[in-house]
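For reference, the chains in residue letters:
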Amino acid sequence: MTALFSTDKLLDAGFSQKTVDMIAAAYHAVRDLIEQDVPLAVAASFGKDSTAMLAIALLAHHDAVREHPLRHPLTVLSADTGIENPVIHAHVASQISMLQSYARRHAIPLRVRIGKPTLASSWMTAVLGGRKVVTFANSSHRDCSIELKKRPNQRELRKMVPELKAEYEHMLSSAAPSDFFRISELAASLDRESVITLVGVRFDESTSRRHRMQARGDVARVVTIGDDGQRTLPLIGDFSSDEVWECLAMAGEGRALEAYAPNFDDTRDLYRSATGECPVVASEKAASAACGSRFGCALCTVSGGTDKSMAIMLQDPQYAWMKPLNELRNFLVATQYDLDRRRWTARTTDSVTGHVRIQADVYSPAMVQELLGICLTIDIREKERAAALDEDLWAHYAGEAVSWSDPYMRETAAAGNPDIAWATRMAKPQFQLVSSEQVLAIDFMWARYGATVPFEALHIWREVTKRGARYEVPSVEAPQDRRNLRMPEGRWIALPPNARMLHPLYDPLTTLYYERPGRDMPVVTGQTCVEHQEEETFSVDQEAAWMIFEFEVDRLLDLYHERGFAPSVAVEFYLRFGAIALAAGRLAELAKTVDHAQRLQDAGLGPGTPISALLARSISDIEHNALKATMTMPINVVPAPRRRSQTVTTQGDLFAAQAA
């Protein structure tokens with residue numbers, strides 16, 4: 001069967017000789033791995049680089065399958081951070097849909113895996129829940145990239161081989177004799193070959209990217225083994241931006257460079273929207289300027305003072321609906337050094353001195369409450385925007401004169417050509433920042449850290465979604481010169497030891513539940529705690545969440561909210577109700593955190609304590625280190641010399657002495 005890939009066909013279509021040579025090298029690198037039965041994954045963000053890489057890898061896989069249909073499926077990995085730019089998120093979904101349709105039409109074995117952060121690691125739960133602060137441009141670590149992209153994809157990769165083994169075992173049970181040996185070969189190769197992930201990183205992409213690739217020892221089309229043992233292959237590592245765009249310009253189903261989409265004009269248009277000019281023309285100006293706009297998360301604060309791609313997109317009326325997201329993102333950047341918006345008491349104590357660290361840490365309770373209200377408000381307004389546009393469409397189809405609610409539709413209608421296709425697509429909400437599961441997780445986190453009164457997140461949710469309250473993004477000017485801004489040095493405060501006799505999560509309601517006919521009353525000890533569920537990861541039961549939002553919110557707020565109850569009441573309720581399942585083996589950690597929060601409250605060091613009061617009671621690092629040295633100083637004990645008896649004592653002598 002004639003191969004789909006042909007260098008002559010590419011040259012005849014107008015590809016440059018250099019680009020054809022680069023594509024051929026990448027194609028044959030993938031074919032060689034396929035012929036060795038190496039399981040392959042493609043890490044695809046569906047930006048220009050990973051799209052070009054995927055097109056070449058899929059073409060090699062397609063030709064290999066046409067020669068022999070029994071091959072390892074090609075796995076496509078993509079990350080969904082939960083806070084992506086909504087336009088990018090929609091673009092990725094469209095690309096994945098076309099990819100899957102193409103694979104079905106041509107009987108290509110292909111798997112698409114979407115890596116998502118766990119509930120506890122999601123941006124909303126981690127930041128609004130008070131576990132972490134956002135990652136800024138000068139942060140020493142890119143925790144967001146690790147938690148939202150790297151680890152989710154690694155989890156999906158770890159599932160790949162076990163799932164393939166199970167699939168081959170099932171196929172063997174009913175395989176035809178002619179296929180049995182080949183399937184056995186594929187199954188055996190999984191014990192011999194680990195997964196190789198194709199990545200679209202390029203040396204030419206940026207100076208920082210080149211340095212990182214060089215530090216890893218990356219070479220184009222050569223497998224690199226990382227510190228974690230995972231194997232990656234930079235398939236187009238030596239491609240230039242011009243060569244990437246040349247690939248995409250002529251790629252497509254039935255075109256010179258066979259690919260899964262009819263064309264990649266949408267990718268080009270997306271970069272044009274983010275750069276304000278044609279990316280192909282831009283690439284001719286300078287290598288460093290070519291499509292220099294990088295798409296990040298909608299709330300990404302790593303890019304610094306301005307998200308350039310978003311700022312350019314917002315100049316186009318068809319993207320005006322994303323403005324609230326950019327305003328929230330800019331607010332987070334502007335308040336990086338606003339110390340009044342930080343929590344100052346650490347969530348652990350020094351194991352030697354028992355002192356608690358006083359420093360600007362995660363966001364303060366007031367800040368996360370405000371952020372939750374803002375995010376819920378943005379979600380509500382996005383629903384209202386979509387609903388208004390949907391009503392406009394109904395009026396349009398009814399033949400009525402429409403005063404379009406959307407600025408882009410007003411512009412196109414004024415030009416005599418209303419963009420009905422765009423309006424149809426946009427008449428649905430394009431994003432949701434906070435899900436109902438995340439609201440409960442945030443409420444649980446606040447109670448866990450003793451940050452608020454019980455069920456404060458439910459209170460904010462009810463105010464915004466049911467009672468019409470709205471939280472506006474504050475207008476805050478960022479400091480003009482941030483180069484010399486630093487967080488203050490931490491200090492220490494003595495924290496009294498825990499005087500409680502019972503478990504921090506002891507629940508008398510659970511104990512009383514057992515005191516019924518036919519049930520034994522358990523013995524209450526220091527380890528007796530509320531009943532709870534455990535799962536593989538921290539999770540929210542969707543059915544229980546639905547019950548809470550539909551039937552329990554008003555009752556819980558009436559009973560517990562601002563009634564003087566300890567925050568741990570909410571923790572106990574969520575565990576007892578089965579709404580929250582802890583990660584297996586994490587009960588002790590939760591109990592320690594709740595105990596710490598209770599001790600802070602007892603000592604008058606709760607989250608609402610003014611900074612001035614905390615600092616007045618604190619000691620410096622030098623004083624704390626001196627105290628710690630005295631508590632860990634070894635004591636030199638000189639043992640007394642052993643005295644040896646000059647006479648031998650027998651058992652009879654001992655009895656005689658006792659009788660005397």
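These numbers come from a predicted model, not from an experiment.

Caption draft 1: Summary view of the overall build of the protein. Of the regular secondary structure elements, the protein holds 25 helices and 12 strands. Looking at the protein as a whole, 48% of its 660 residues qualify as buried. Residue pairs at least 24 apart in sequence account for 74% of intrachain contacts in the protein once pairs closer than 6 positions are excluded. For the protein, the accessible surface area stands at approximately 33,000 Å², while carbon and sulfur atoms represent 52% of it.

Caption draft 2: Focus on the packing of aromatic side chains. Summed over the entire model, instances satisfying the criterion amount to 15 aromatic pairs. Between the aromatic rings of Trp245 and Tyr271, the centroid separation amounts to 5.4 Å while the plane-to-plane angle is 90°, which identifies the pairing as edge-to-face. You can see Trp245 sitting in helix α9 (residues 241-250) and its partner Tyr271 sitting in helix α10 (residues 265-275), a full 26 residues away along the chain. Note on Trp245: relative accessible area 4%, which makes it buried. Relative accessible area serves as the criterion here: at 6%, Tyr271 is assigned to the buried category. Seen from their ring centres, Phe455 and Phe573 are 5.7 Å apart, and the 80° between their planes marks the pair as edge-to-face. A residue pair is termed long-range when its members are at least 10 positions apart, and Phe455 in the loop between α17 (436-448) and α18 (456-465) and Phe573 in helix α21 (residues 568-577) qualify at 118 residues. Each residue in the set Phe444, Phe455, Phe538, Tyr560, Phe565, Phe573, Tyr574 and Phe577 is aromatic and connected to the rest through ring pairs, giving one cluster.

Caption draft 3: Local environment of the side chain of Thr125. Tracing the chain through its elements places Thr125 in helix α5 (residues 123-128). Under the relative-accessibility criterion, Thr125 is labelled buried at 0%. There is a polar contact of 3.0 Å between the side chain of Thr125 and the backbone oxygen of Leu119. At 3.0 Å, the side chain of Thr125 and the side chain of Ser122 are in polar contact. For Thr125, the residues in contact, after removing those within four places along its chain, are Leu119, Ala120, Gly130, Gln438, Ala441, Ile442 and Met445.

Caption draft 4: Examining the sheet that holds strand β5 (residues 224-225) more closely. Pairing within the open sheet is mixed, and its 6 strands lie in the order β3-β2-β1-β4-β6-β5. Looking at which strands have only one partner, the edges of the open sheet turn out to be β3 (110-115) and β5. Bridging between strand β1 (residues 40-43) and strand β4 (residues 196-199) involves 3 bridges; their strand directions are parallel. Looking across to β4, one finds that Leu40 is bridged to Ile196. Contacts from helix α3 (residues 48-67) reach β1, β2 (74-79), β3 and β4 within the one sheet, and its direction differs from that of β1 by about 155°.

Caption draft 5: Representation of the sheet that holds strand β11 (residues 539-540) in the model. One open sheet accounts for 3 strands, arranged β10-β12-β11; its pairing is mixed. With one partner strand each, in any of the chains shown, β10 (533-535) and β11 form the two edges of the open sheet. In this structure, β10 lies alongside strand β12 (residues 580-583), joined through 3 bridges in parallel fashion. Within the sheet, the bridge partner assigned to Gln533 lies in β12 and is Ala581.

Caption draft 6: Here's a closer look at the pairing of β12. Both β11 and β12 contribute to a ladder of 2 bridges, which runs antiparallel. Within the sheet, the bridge partner assigned to Val540 lies in β12 and is Ile580.

Caption draft 7: Representation of the pattern of salt bridges in the model. What the rule picks out here adds up to 38 salt bridges. Where Arg66 meets Asp63, a salt bridge forms, and the shortest distance between an N and an O atom there is 3.9 Å. Of this pair, Arg66 and Asp63 both sit in helix α3, separated by 3 residues, roughly a single helical turn. Judged by its relative accessible area of 2%, Asp63 is buried. The salt bridge involving Arg268 is made with Asp269; its shortest N-O contact spans 3.1 Å. Judged by relative accessible area, Arg268 falls into the partly exposed class, the value being 27%.

Caption draft 8: Seen up close, the nonpolar core. Judged by nonpolar contacts, the single largest core of 145 residues is most densely connected at Trp123, Leu235, Leu458 and Tyr574. Broken down by element, the residue count for this core peaks at 11 residues, all from helix α14 (residues 365-397). Sequence-distant contacts of Leu458, that is, excluding residues within four places in its chain, are made with Val439, Leu440, Asp443, Ile548, Phe549, Val553, Leu556, Leu557 and Tyr574. Among the nonpolar cores identified, the runner-up in size contains 12 residues, and Leu70, Leu164, Leu190 and Val195 belong to it.

Caption draft 9: Just the packing of α17 against α21, in detail. At their nearest, the axes of α17 and α21 sit 7 Å apart, and the two run at 135° to each other. Classified by the interaxial angle, the pair formed by α17 and α21 is oblique. The two elements α17 and α21 meet at a crossing, and its hand is left-handed. Counting all contacts with α17, which are made through Leu440, Asp443, Phe444, Ala447 and Arg448, the residues of α21 involved are Ser568, Ala570, Val571, Tyr574 and Leu575. For the contact of α17 with α21, a count of residues per class yields 7 nonpolar, 1 polar and 2 charged.

Caption draft 10: Molecular detail of the pairing of β4. Burial along β4 is two-sided: the face carrying Ile196 and Leu198 and the face carrying Thr197 and Val199 are both buried. Across 4 bridges, β4 lies against strand β6 (residues 231-234) in parallel orientation. Among the inter-strand pairings, Ile196 is bridged to a residue of β6, identified as Arg231.

Caption draft 11: Structural view of the confidence of the model for the protein. Model confidence for the protein is summarised by a mean pLDDT of 88, while 89% of its residues fall at 70 or above. Across the protein, element-level confidence peaks in α18 with a mean pLDDT of 98 and bottoms out in helix α25 (residues 651-659) with 41. Throughout residues 281-293 the model reports pLDDT below 50, and contacts reaching past four residues in sequence, or to other chains, amount to 19 contacts. Here residues 647-660 is a poorly scored stretch, pLDDT under 50, and it has 2 contacts once near neighbours within four places are set aside; other chains count.

Caption draft 12: Main features of α18. When you tally the buried positions in α18, you get 8 out of 10 residues, the bulk of the element. When we look at burial in α18, the residues that qualify are Glu456, Ala457, Leu458, Ile460, Trp461, Arg462, Glu463 and Val464. Buried residues belonging to α18 abut α14, α17, α20 (542-560) and α21.

Each value, and the rule that gives it
Residues numbered from 1 in each chain as written. Predicted model: local features only at pLDDT ≥ 70, side-chain atom pairs only at ≥ 80, totals over all residues. Heavy atoms only, no water. Helix = DSSP H or I, 4+ residues; strand = E, 2+ residues; numbered from the N terminus. Buried < 20%, exposed > 50% of the residue type's maximum accessible area, 1.4 Å probe, protein only. Contact = heavy atoms within 4.5 Å. Areas by Shrake-Rupley, 256 points an atom, 1.4 Å probe, with all protein chains shown as cover. Phe/Tyr/Trp six-rings, centres within 6.5 Å; stacked < 30°, edge-to-face > 60°. Polar contact = N/O pair within 3.5 Å; in protein donor to acceptor, adjacent residues only side chain to side chain. Pairing = 2+ DSSP bridges. Axes fitted to C-alpha atoms, helices over the stretch in contact; angles between N-to-C directions. Salt bridge = Lys/Arg side-chain N within 4 Å of Asp/Glu carboxyl O. Core = buried A, V, L, I, M, F, W, Y, C linked by side-chain atoms within 4.5 Å. Parallel < 35°, antiparallel > 145°, perpendicular 65-115°, else oblique. Left-handed = near helix turned anticlockwise from the far one by under 90°. Nonpolar A, V, L, I, M, F, W, Y, C, P; charged D, E, K, R; others polar. pLDDT = per-residue confidence, 0-100.

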